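Single-letter residue listing:
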Amino acid sequence: MTPEQAARSARMLLTGVIGSDTHIVGNRVLSLALEKAGYRVASLGALTPAREFIEGAIETAADAILVSSLYGQGELDCRGFRDLCVEAGIDEILLYVGGNLVVGKQPWPDVERRFLDMGFDRAFPPGTRPEDVIAALDRDFAARAAGARIALP
Amino acid sequence: MTNSGSLALLIDFGSTFTKLRAVDLDAGRIVGSSQGPSTVTSDVTLGLKAALDDLARKLGGLPCFRHRLASSSAAGGLRMVTVGLVKDLTAEAARRAALGAGAKLVGTFAYRLTRSDIEAILGLRPDILLLCGGTDGGNAEVILQNATMLSASELACPIVLAGNRTAVEEAEDRFAATGKEVRVADNVMPELNLLNIDPARSAIRHVFMERIVHAKGIDRAAAMFDAVLMPTPAAVLEGARLLARGTAKRPGLGDLIVVDVGGATTDVHSICTGAPARPDILLHGLPEPFAKRTVEGDLGMRHNAAAIAEVATLSAIAATAGLSEPRVTALLRALAADVERVPATLEEAMLDQALASAAIGLAVRRHAGTVETVYTATGPRVMQRGKDLSGVTTLIGTGGPLVHAADPLPILKAALSDPAEPQSLRPAQPRILIDRGYVLYAVGLLAEREPEVAMALATSHLHSIARSFTGGSSTAA
């Protein structure tokens, strides 16, 4: 195990596809890549209501929740996600979201802004590679260890 | 009885009666049944002696038994409180473990225990407390805090710890520091949405055998039996499990459910995976135990007959019973005042049948899984929660109202699926058996030591009242 992987093995990540969305393949690929990188991963799979992400994060003491949405309804499904975390007492948890988050062709910076405003720490556009997510996680966890909320760009 | 050593004595220390079944181990048949009063609250030996005298009269003397095994639901049953973290996750897993161990669940708690929760737990006087919380390597804080709260309390009962393995040792130390008795078992949920209740169930059973039997005073009669193996509901579950799976020599009956209608509760046991019938059905929620027991505390034929009528609606009960609503109300009031009452008139028998039928329908509906259609971007998909019992091939009924009914078939039909309610995954066309002689607990008690005899016992004493029910016709065995 590399020192990098050892550091990652202390972190638990929770993944899943939110809402009435059955697109599981991308989420599986991401979960496997995260595990291979050394992170501990609990996967909720497809068709997961927001509430179950929160509950799962409590039981597993997850350090981050990675929400996938591929069917264009992510904006509706993810509304209030951070508020749910605050209610459940895990307000500090790192929240990522990614996929085909909205319907139609909308400029990415607008979409990203909307999800950041909802309380997600990072939003990822379609076509994001697992290594980009791993790099972001590494940087954010390092920033958190140093007392920041997330790593600055 | 000259062939000493070829018989087994199976004892059930019940809440009303001490029941005995003498089983011929060579023939796999019951050769004598008897009962005495339940005397656990005074001196357990009195009721057992009365039952043994009764048996001796029937057998012409008492033989030397090869096994003398007992189960108990006396003195309030095995009263358990469960504590978990998230209500639908480890708290639910803990609940299932306790029910599967044959416990009478008197309280379930989740998240951090408060001072008033601790007060409530003390007031519930549990025999065992099951403390869970966190997946392995997951949340440790809550189970540790709960352990601290409980260890500092006046709680005197043994504790079974089956939570996050990285926190369990520390929790154990906290209990040990205040002199509490603890037994550790593997986590009921080692990974998110992975259910692992058998180790906790077996720990509960050990505590039951080693401690609770003594605490309830049942071991005063220890010279008269070899062991009290488990709570009676666990014996029924074990009996059902053996019957479903079979033995080395005899094939089992396959997927089955047992419905037990009682005075205080209606219990349902299912032995099957309950997996979706088609590969395109998505399974959602916590995985289900292969041997699952649920207890409906609001569906008892005597202690809460009015509650059954309330849930099933008075008009439905009246219609089934063929009585007027005011008459049903009057009869229910009489039942509430006299919970030991056995139906004496035709009216009372009709009402009992209607209540039993409603209780069975509701209890099996709650036990069975459901399906719903979810509309996704790629079209509609069927999502299943809980166990699919539609393919269950055997339904076994037991309990007073079924055993004493002139025709139990119409009552038990309430357990079956209804085309008007396709979302409820109840059995569709099972063969229907009835356990008239209360042999299932005896089968469960014998299952470990004499599986072949236990299997023979079950097959020879369960009566078929309908072979693959197809709508109306009943076939006697």
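Values in this document were obtained by computation on a predicted structure and should not be read as measured data.

What counts and how
Residues numbered from 1 in each chain as written. Chains lettered and ligands numbered in written order. Predicted model: local features only at pLDDT ≥ 70, side-chain atom pairs only at ≥ 80, totals over all residues. Helix = DSSP H or I, 4+ residues; strand = E, 2+ residues; numbered from the N terminus. Rg over C-alpha atoms; globule rule 2.2 N^0.38 Å. Buried ≥ 20, exposed ≤ 12 C-beta atoms within 10 Å, placed from the backbone. Contact = placed C-beta atoms within 7 Å. Core = buried A, V, L, I, M, F, W, Y, C linked by C-beta atoms within 7 Å. Nonpolar A, V, L, I, M, F, W, Y, C, P; charged D, E, K, R; others polar. Domains from an automatic or database assignment. Expected span 1.5 Å × (residues − 1). Pairing = 2+ DSSP bridges. Axes fitted to C-alpha atoms, helices over the stretch in contact; angles between N-to-C directions. Left-handed = near helix turned anticlockwise from the far one by under 90°. Parallel < 35°, antiparallel > 145°, perpendicular 65-115°, else oblique. pLDDT = per-residue confidence, 0-100.

1. Structural notes on the overall build of chain A
Part 1: Helix and strand counts for chain A come out as 7 helices and 5 strands.
Part 2: Secondary structure elements in chain A, listed N-terminal to C-terminal, are α-β-α-β-α-β-α-α-β-α-β-α.
Part 3: Whereas a compact globule of 153 residues would reach a radius of gyration of roughly 15 Å, chain A reaches 14 Å, a difference of no more than 12%.
Part 4: Along the longest, intermediate and shortest principal axes, the C-alpha atoms of chain A span 45 × 30 × 30 Å.
Part 5: Looking at chain A as a whole, 44% of its 153 residues qualify as buried.
Part 6: The contacts in chain A between residues at least 6 apart in sequence include a share of 74% that link residues at least 24 apart.

2. Side note on the overall build of chain B
Part 1: In terms of helices and strands, chain B carries 15 helices and 19 strands.
Part 2: Once the C-alpha set of chain B is aligned to its principal axes, its extents read approximately 65 × 60 × 50 Å.
Part 3: Residues classed as buried in chain B amount to 51% of the 477 residues present.

3. Here's the deal with the nonpolar core
Part 1: One finds Leu130(B), Val160(B), Ile204(B), Ile360(B), Val443(B) and Leu446(B) to be the most contacted residues of the largest nonpolar core, which totals 196 residues.
Part 2: Apart from the residues within four sequence positions on either side, Leu446(B) is in contact with Ala8(B), Leu10(B), Val23(B), Val453(B), Ala454(B) and Leu457(B).

4. Let's talk about the interface of chain A and chain B
Part 1: The interface is formed by 15 residues belonging to chain A together with 22 residues belonging to chain B.
Part 2: Of all the secondary-structure elements, those providing two or more residues to the side of chain A that touches chain B are β2 (40–43) and α3 (50–60) of chain A.
Part 3: Counting residues per element, the side of chain A that touches chain B draws most heavily on α3(A), at 5 residues.
Part 4: Partitioned by chemical class, the residues of the side of chain A that touches chain B number 6 nonpolar, 5 polar and 4 charged.

5. Looking at the domain arrangement of chain B
By convention, interface size is frequently given as the accessible area that disappears when the constituent parts associate.
Part 1: Domain annotation for chain B reports domain 1 (7–75 + 216–225), domain 2 (79–205) and domain 3 (239–301 + 348–466).
Part 2: Of the residues contributing to the side of domain 2 of chain B that touches domain 3 of chain B, the split by class is 5 nonpolar, 2 polar and 3 charged.

6. Here we look at helix α4 (residues 141–152) of chain B
Part 1: With 12 residues, α4(B) extends 17 Å from end C-alpha to end C-alpha; this agrees with the ideal 16 Å at 1.5 Å per step.
Part 2: Tucked inside the fold, the buried residues of α4(B) contact β5 (79–83), β7 (128–131), β8 (159–161) and α5 (165–177) of chain B.

7. Some remarks on the pairing of strand β4 (residues 67–72) of chain B
Residue and element names in this part refer to chain B.
Part 1: Here strand β1 (residues 7–13) pairs with β4 via 6 bridges, running parallel. When the sheet's bridge partners are listed, Ala-8 is paired in β4 with His-67.
Part 2: Both β4 and strand β10 (residues 227–231) contribute to a ladder of 4 bridges, which runs parallel. By the bridge assignment, Ala-70 is partnered in β10 with Val-228.

8. Regarding the sheet that holds strand β15 (residues 370–376) of chain B
All names here are of chain B.
Part 1: Strands sit in the order β13-β16-β15 across an open sheet of 3 strands; the sheet is mixed. This sheet does not close on itself; its edge strands, each paired only once, are β13 (282–284) and β15. Within the sheet, the average angular offset between the axes of one strand and its neighbour, ignoring direction, is 35°.

9. Considerations on the pairing of strand β4 (residues 94–99) of chain A
Residue and element names in this part refer to chain A.
Part 1: Where burial is concerned, most of β4 is hidden: 6 out of the 6 residues are buried.
Part 2: Side-chain alternation along β4 places Leu-94, Tyr-96 and Gly-98 on one buried face and Leu-95, Val-97 and Gly-99 on a second face that is also buried.
Part 3: As judged from the 6 bridges shared by strand β3 (residues 64–69) and β4, these two strands associate in the parallel manner. Note that in β4 the partner of Leu-66 across the bridge is Tyr-96.
Part 4: One ladder, built from 3 bridges, connects β4 with strand β5 (residues 122–124); its direction is parallel.

10. Overview of the sheet that holds β3(A)
Residue and element names in this part refer to chain A.
Part 1: Strand order in the open sheet formed by 5 strands is β2-β1-β3-β4-β5, and the pairing between neighbours is parallel. The strands lining the two open edges of the sheet, one partner per strand, are β2 and β5. The mean angle between the axes of side-by-side strands here comes to 20°, regardless of whether they run parallel or antiparallel.
Part 2: Each of β1 (12–17), β2 and β3 is contacted by α3, which is oriented at about 160° to β1, the strand it contacts most.

11. With respect to the environment of Leu14(A)
Residue and element names in this part refer to chain A.
Part 1: Mapping Leu-14 onto the fold places it in strand β1.
Part 2: What makes Leu-14 buried here is the crowd of 28 C-beta atoms within 10 Å.
Part 3: Taking C-alpha positions, Leu-14 is 19 Å from Arg-149, a pair spaced 135 residues apart along the chain.
Part 4: The residues touching Leu-14, leaving out its near neighbours within four places in the chain, are Ala-42, Leu-44, Phe-53, Gly-56, Ala-57, Thr-60, Ala-62 and Ile-65.

12. Here we look at the packing of helix α8 (residues 305–312) of chain B against helix α11 (residues 346–367) of chain B
Residues and elements named next belong to chain B.
Part 1: Running from N to C, α8 and α11 point in directions that differ by 65°, and their axes come no closer than 10 Å. Between α8 and α11 the crossing geometry is left-handed. Across the interface between the two elements, Ala-305, Ile-308, Val-311 and Ala-312 from α8 touch Leu-355, Ala-358, Ala-359 and Leu-362 from α11.
Part 2: Tallied by class, the residues present in the contact of α8 with α11 amount to 8 nonpolar, no polar and no charged.

13. Re the environment of Val83(B)
Residue and element names in this part refer to chain B.
Part 1: Looking at the secondary structure, you find Val-83 in strand β5.
Part 2: Judged by C-beta crowding, with 29 C-beta atoms within 10 Å, Val-83 ranks as buried.
Part 3: Through-space distance from the C-alpha of Val-83 to that of Gly-163 is 9.9 Å; in sequence the pair is 80 residues apart.

14. Comments concerning the packing of helix α7 (residues 232–245) of chain B against helix α15 (residues 451–461) of chain B
All names here are of chain B.
Part 1: Contact pair α7 / α15: the axes reach a minimum separation of 10 Å and the direction vectors enclose 90°. It follows from the interaxial angle that α7 and α15 lie roughly perpendicular. Residues Gly-239, Leu-242 and Leu-243 of α7 form the contact with α15, whose participating residues are Pro-451, Ala-454, Met-455 and Ala-458.

15. A few points about the confidence of the model for chain B
Residues and elements named next belong to chain B.
Part 1: The predicted model of chain B averages 92 in pLDDT, with 97% of residues at 70 or higher.
Part 2: Counted against residues more than four places away or in other chains, residues 469–477, with its pLDDT under 50, gives 14 contacts.
Part 3: Under the prediction, the complex receives an ipTM of 0.85, its pTM being 0.90.

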